[in-house]
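A structural walkthrough
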Amino acid sequence: MRDYFLRLAIASFALGVGGGCLDDERTTSPAPRDVVTTAAPCVYFKDLAPFLPESLEGFTVGATAGSTGKYGEVSVSEAERTYTRSEGREVKVRIVDTTMGLKLGQAIREAAQKARGRAASDPTAPIQWKEAVGFVRYDADEAVAEANLLVGDRFVVAVTSRGFPSTVEVRRVARGIDLAGLARLQ
């Protein structure tokens, strides 16, 4: 999952840095009308961490990690928690705020739009909730599912499961996150 965001961020950076969290700077970038284009100060990772689920039924809470930093022109703040269960099953939830937010958000919206015609029963049907839009992928060979959500036109929430036979678990976990509260975070 981290590799996915890194690849997407590098590709986006090559096209130019968008809005999102900036260190006391304000900027606007071309974006769809429904995407916020004014940057806000970076949300510190300790402010993101309370939106990670405290626990998941049937899982042991594992490591919680976070960081806030600036890497050249790109600022990133992220909080992540891992949950484990028997039989090698695990779930990770990561919340990201970044100057790449507009570009990541645009990519998430486009992926969800491409999948829009899929039936609700399709495990890779997009997520179209009041609080979030996103796409879901499943790799049966690796038994890895990913849900990537854009919340509040700013935050990226990534839920990844390993060792489950479908996307049901990532959808359940994503639905249990306080996405409305996260969207209100400034």
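Preceding this section is the structure that the text describes.
Our subject in this report is the structure included herewith.

Among the 8 residues of strand E9 (residues 155–162), 7 are classified as buried, and the element is accordingly described as predominantly covered. Judged from the 7 bridges that link them, strand E5 (residues 89–98) and E9 form a sheet pairing that is antiparallel. Its bridge partner lying in E9, Arg-94 is registered against Ala-158. By the bridge criterion, 8 bridges tie strand E8 (residues 144–151) to E9 in an arrangement that is antiparallel. Paired with Ala-147 across the two strands is Val-159, which belongs to E9. Counting the residues between successive antiparallel strands, the hairpin from E8 to E9 contains 3 residues, one of them, Gly-152, with a positive phi of roughly 60°.

Taken in spatial order, the 7 strands line up as E3-E4-E5-E9-E8-E7-E6 in an open sheet, and their pairing is antiparallel. Each having just a single partner strand, strand E3 (60–71) and strand E6 (127–128) make up the two edges of the open sheet. Examined bridge by bridge, strand E4 (residues 74–85) and E5 share 10 bridges and lie antiparallel to one another. Pairing of Arg-81 across the sheet is with Val-93, part of E5. Against the sheet, helix H3 (residues 101–114) makes contact with E5, E6, strand E7 (132–139), E8 and E9, and its axis sits at roughly 70° relative to E7, the strand it touches most. Of the strands in this sheet, E5, E6, E7, E8 and E9 are in contact with helix H4 (residues 168–175), which crosses E9 at around 140°.

Right, let's talk about the pattern of salt bridges for a bit. As enumerated under the stated definition, the model contains 8 salt bridges in all. Across the pair Glu-78 and Arg-94 runs a salt bridge whose closest N-O atoms are separated by 3.4 Å. On the criterion of sequence distance, the pair formed by Glu-78 in strand E4 and Arg-94 in strand E5 is long-range, its members being 16 residues apart. According to the relative accessible area criterion, Arg-94 is buried, its value standing at 6%. Of the charged contacts in the structure, one is a salt bridge between Glu-80 and Arg-94, with a shortest N-O distance of 2.7 Å. A residue pair is termed long-range when its members are at least 10 positions apart, and Glu-80 in strand E4 and Arg-94 in strand E5 qualify at 14 residues. Classification of Glu-80 as buried rests on a relative accessible area of 18%. A network of salt bridges, in which partner residues are shared, links Glu-78, Glu-80 and Arg-94.

Reading the values: rules and limits
Residues numbered from 1 in each chain as written. Predicted model: local features only at pLDDT ≥ 70, side-chain atom pairs only at ≥ 80, totals over all residues. Heavy atoms only, no water. Buried < 20%, exposed > 50% of the residue type's maximum accessible area, 1.4 Å probe, protein only. Helix = DSSP H or I, 4+ residues; strand = E, 2+ residues; numbered from the N terminus. Pairing = 2+ DSSP bridges. Contact = heavy atoms within 4.5 Å. Axes fitted to C-alpha atoms, helices over the stretch in contact; angles between N-to-C directions. Salt bridge = Lys/Arg side-chain N within 4 Å of Asp/Glu carboxyl O.

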